[in-house]
Amino acid sequence: MRLSTKGRYAVMAMADLARNGRDADGQARAVSLAEIATRQEISLSYLEQLFARLRKSGLVSSVRGPGGGYRLSQGADVTMVADIVLAVDEPIRATRCAAHGTPRGCMMGGERCITHDLWEDLGAEIHAYLAAVSLEDVVLRRTGARRRTLAPGMEAAA
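What comes next concerns the included structure. Computed from a predicted model, the values in this text were never measured in an experiment.

Section: helix α2 (residues 33–40)
Working step 1: Of the residues making up α2, those classed as buried are L33, I36 and A37. Buried residues along α2 cover an arc of 100° about the axis, so they all sit on one side.
Working step 2: Phi turns positive one or two residues past the end of α2, at E41, with a value near 55°.

Observations concerning the packing of aromatic side chains
Working step 1: According to the stated counting rule, one finds two aromatic pairs in the structure shown.
Working step 2: Taken together, a centroid distance of 5.8 Å and an interplanar angle of 90° make the contact between Y9 and Y46 edge-to-face. You can see Y9 sitting in helix α1 (residues 5–20) and its partner Y46 sitting in helix α3 (residues 44–56), a full 37 residues away along the chain.

Some remarks on the nonpolar core
Nonpolar side chains tend to gather and get buried jointly when the protein is soluble and globular.
Working step 1: Among the nonpolar cores identified, the biggest contains 29 residues, and M14, L17, I36, L47, F51, L54 and I84 are the most heavily contacted of them.
Working step 2: Counting residues per element, this core draws most heavily on α1, which supplies seven residues.
Working step 3: Dropping the residues within four chain positions of it, I36 is found in contact with A13, D16, L17, V31, E41, L47 and F51.

Reading the values: the criteria
Residues numbered from 1 in each chain as written. Predicted model: local features only at pLDDT ≥ 70, side-chain atom pairs only at ≥ 80, totals over all residues. Heavy atoms only, no water. Buried < 20%, exposed > 50% of the residue type's maximum accessible area, 1.4 Å probe, protein only. Helix = DSSP H or I, 4+ residues; strand = E, 2+ residues; numbered from the N terminus. Arc of directions from axis to C-beta. Phe/Tyr/Trp six-rings, centres within 6.5 Å; stacked < 30°, edge-to-face > 60°. Core = buried A, V, L, I, M, F, W, Y, C linked by side-chain atoms within 4.5 Å. Contact = heavy atoms within 4.5 Å.

Given below as structure tokens:
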């Protein structure tokens, strides 16, 4: 399964906001989209579209005027990656069916393919993983530690 640029860029931009949204004294500061665009090498106009959706979902708040930009609405420790991806309308699924959760499947006659449940379960696992990873985990690079702690249990199951 491949995450589209919409979801990937939204997470990159939010991680940048989490990392750079504090001044030297630890006080919250607004970060401009132009700053994020430059650091993350993402089109400013694309970021504007993404942040409109992130704001509508309540994940960021905007600050107008000089020194304006965006701030996280909640702490990075409680802002989950899955919420970011879903806020930009990226469904987290691995099936090829157009309508997730409907009785109609991906086959010509409307049946589900033989591997549908496998891919649907994979999509659920991906969602569960992203729902367990916060922006703080991403910024502090704690996601690798999660994989290492999961690996031994996975070996025992095999």
